[in-house]
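Residues per chain are reported as follows:
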Amino acid sequence: MSKIPDLEIHWVDIEVPIASEYNPRKITPKKKKELMESVQKYGLRDPLKINTFKGRENILISGHQRLSVAKDLGHKKVPVTYEYMPMDQEKLMNLTWNKSGGVFDMEKVITLADREKLFEIGFSDSELPKLLSDFEQKFEDIDTDTPVYPIAPKFSEHYDFVMIFTENEIDYMWLKNTFELENKQSYKSQQVGECRIVKLKEFMKLYEKWTAKS
Amino acid sequence: MDSKIVVLSKGRPDRILTKTSVTDKFILVVPHDEVDQYKEYNKDLEIIAQPQEVRGITMARQFVLDHFESVFMLDDDIDYVRKMYTEEGEPYKVTNQEMILQIIEQNESIAKQCGAKMFGFTHVRRPVAYNPMKPFSFTGFLNGSHTGFLKGHNLKYDPRLIEGEDHFISAYNVYKNRFMIIDNRYAFFTKDNWKSNGGCSMDRNDENLKRDTLLLRELFGECVHIKNATNMKKNLFEGERTLKFPYK
């Protein structure tokens, strides 16, 4: 095999191309179905690209979805063209050749090249995961499993309240007597309304007392 | 009302906005070397001098906690008190100082009856965020500029914090005392003094903000989050934080 890539199409055994370990490309079930229909109807018309670089031999640079569909359809051979490039470039070309129309796992994409290169390929800032500032990185790096003051809810811990609304003085006096609501002297000339609290346990005791009496 | 109303002030002897917007019945706590200037402009108020070693807002607040059993702390730059539940067109500012005192007193009374050790008012500034079905909250953030502490609170500020002392004490209260009373019906609005002269603004800068957020994250873990920009608040300082507790 020459180190200079040719553009000749070679038919190889379907087990020869090896999916790259970093491939960030994703495909939706709908797109996969469309691709499958196309391959069924017209065959694989677009060759896969595989690497010949030492240590990266037969690694698939472009065509992961097509290879997967061909396998699903029981194809024995697939068309390939050979490329020759080190791993860094292989990753960039994987992104470049798949950029148009591709759906990507962006968390994987940002591990393949720096942001400037990704912009050159055509990714936009809004597509890529947010770049963490030094501060955000430090914040994320803090171990939150063992804080100094761990705050965890006790069993069923939750605070809430209900209001009891009365519409006349007689009802209010009944409520006040039954639930032993104390007088609030400071509200003689109040403009904001009174608020008396009876905790549930206390309420239950007073309610039992009241039902026993009546 | 058991709590003393205390206003912390620094560098603004002639500009205590709280006196006209909230109440003129309070005790002033000021740096020891500013007492004379404060006396000149505030003849009718009791003034307590912070000792020389008290420096920064965190130590100043701790000094107040050490000094008073039950206290409602106010900053000196409260612009106005607003009702959060008003309908459009309805007057929303509470200008009657007697009424404001009663609002504080009612909150204190509720807190005492519930057994809460900290009480205060919503820090939310947008009335549209007010949920009339939820006039009170029991865990959350209490802005240090208008927060009450009741006898037996057992709380102490972490002196390492420079400007995040109110986030610390809110979270520490949840850790220690489990809940607080936050009256969502009223808000105390401060002037936008983030970087103006005097008061706490002297301690505020971007580095302290980030530094304190990281420290709070170490102290309280997942309860501390970085604030995200929203449509309503697009411009945030890096390091602005929010508290989220695992129960309500």
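All values reported here derive from a predicted model rather than from experimental measurement.

### Points about the sheet that holds strand 3 (residues 48-51) of chain A
Residues and elements named next belong to chain A.
Here comes step 1: Reading across the sheet, the 4 strands line up as 1-5-3-4 and stay open at both edges, with mixed pairing between neighbours. The open sheet has two free edges, formed respectively by strand 1 (10-13) and strand 4 (60-62), since each of these has just one partner strand. Taking the axes of each pair of neighbouring strands and ignoring which way they run, one obtains an average angle of 50° across the sheet.
Here comes step 2: Where helix 2 (residues 64-72) meets the sheet, it contacts strand 3, strand 4 and strand 5 (77-83), and its direction lies at approximately 115° from that of strand 4.
Here comes step 3: Across the sheet, helix 3 (residues 87-98) lies against strand 3, strand 4 and strand 5, angled at about 35° from strand 4, the strand it touches most.

### Some thoughts on the confidence of the model for chain A
Here comes step 1: Overall, the predicted model of chain A reaches an average pLDDT of 85, with 92% of residues at or above 70.
Here comes step 2: When mean pLDDT is compared element by element in chain A, strand 1 of chain A scores highest at 94, while strand 6 (residues 103-104) of chain A scores lowest at 77.

### Topic: the pairing of strand 7 (residues 118-122) of chain B
Residue and element names in this part refer to chain B.
Here comes step 1: With 5 of 5 residues buried, strand 7 is to be regarded as a mostly interior element.
Here comes step 2: Relative to strand 9 (residues 146-149), strand 7 runs antiparallel, the two sharing 3 bridges. From the neighbouring strand, methionine 118 faces strand 9, where its bridge partner is phenylalanine 149.
Here comes step 3: Pairing analysis gives 4 bridges linking strand 7 to strand 10 (residues 181-190), with the strands arranged parallel. Looking at the pairing, phenylalanine 119 lines up with isoleucine 181 of strand 10.

### Quick look at the environment of Met99(B)
Here comes step 1: Relative to the elements of secondary structure, Met99(B) occurs in helix 4 (residues 97-114).
Here comes step 2: It is 9.7 Å that separates the C-alpha atoms of Met99(B) and Thr23(B), two residues lying 76 residues apart in sequence.

### Here's the deal with helix 3 (residues 56-67) of chain B
Here comes step 1: Here helix 3 of chain B is 12 residues long and its end C-alpha atoms lie 17 Å apart, about the 16 Å a rise of 1.5 Å per residue gives.
Here comes step 2: Against strand 1 (4-8), strand 2 (27-31), strand 3 (46-50), strand 4 (71-75), strand 9 and helix 5 (165-177) of chain B lie the buried residues of helix 3 of chain B.

### Brief notes about the interface of chain A and chain B
Here comes step 1: With 33 residues of chain A at the interface, the matching set in chain B holds 41 residues.
Here comes step 2: Buried surface at the junction of chain A and chain B, both sides included, amounts to about 3,500 Å², of which 66% is carbon and sulfur.
Here comes step 3: Counting the surface chain A buries against chain B, the share from its top three residues, Phe135(A), Tyr149(A) and Ile151(A), is 22%.
Here comes step 4: Counting across the interface, chain A meets chain B through 1 salt bridge.
Here comes step 5: Taking the shortest distance from any N to any O, the salt bridge between Glu157(A) and Arg178(B) comes out at 2.6 Å.
Here comes step 6: Linking chain A with chain B are 12 residue pairs in polar contact (both at pLDDT 80 or more), by the criterion used here.
Here comes step 7: Classifying every residue of the side of chain A that touches chain B gives 16 nonpolar, 8 polar and 9 charged.

### Here we look at helix 4 of chain B
Residue and element names in this part refer to chain B.
Here comes step 1: For helix 4, spanning 18 residues, the distance from its first C-alpha to its last is 26 Å, which sits close to the expected 26 Å at 1.5 Å a residue.
Here comes step 2: Judged by how many residues are buried, helix 4 sits mostly within the fold: 16 of 18 residues are covered.
Here comes step 3: Here helix 4 starts with a cap whose side-chain oxygen sits 2.9 Å from the backbone nitrogen of glutamate 98, and that cap is asparagine 96.
Here comes step 4: Within two residues after helix 4, glycine 115 carries a phi angle of roughly 90°, on the positive side.

Conventions we followed
Within every chain, residues take consecutive numbers counted from 1 along the sequence as written. Going through the entries in the order they are written, you letter the chains from A and number the ligands from 1. Since the coordinates come from a predicted model, pLDDT governs what is reported: local features require at least 70, and pairs of side-chain atoms require 80 or more to be given and counted, while whole-chain, interface and lining totals use all residues. Just so you know, side-chain values use all the structure's heavy atoms and leave hydrogens and water out. Strands are labelled as partners when DSSP assigns at least two bridges between them. Helix numbers and strand numbers start at the N terminus; a helix is a DSSP run of H or I with at least 4 residues, a strand a run of E with at least 2. Between N-to-C directions, angles cover 0 to 180 degrees, with each direction set by a line fitted to C-alpha atoms, over the stretch in contact for helices. It only takes one pair of heavy atoms within 4.5 Å for two residues to be counted as in contact. Confidence of the predictor at the level of single residues is given by pLDDT, which spans 0 to 100. Relative accessible area decides the class of each residue, using a 1.4 Å probe on protein chains only: under 20% of the type maximum gives buried, over 50% gives exposed, and in between gives partly exposed. A helix is expected to span 1.5 Å for every residue after the first. Here's the idea: put two parts together, see how much 1.4 Å probe accessible area each one loses, and the total over both is what we call buried area. What counts as a salt bridge is simple: a side-chain nitrogen of Lys or Arg found within 4 Å of a carboxyl oxygen of Asp or Glu. Each polar contact in these results corresponds to two N or O atoms within 3.5 Å; when the atoms are within protein, one needs to be able to donate a hydrogen and the other to accept it, and residues that are neighboring in sequence are counted only if both atoms are side-chain atoms. Think of it as three bins: nonpolar holds Ala, Val, Leu, Ile, Met, Phe, Trp, Tyr, Cys and Pro, charged holds Asp, Glu, Lys and Arg, and polar takes everything else, Gly as well.

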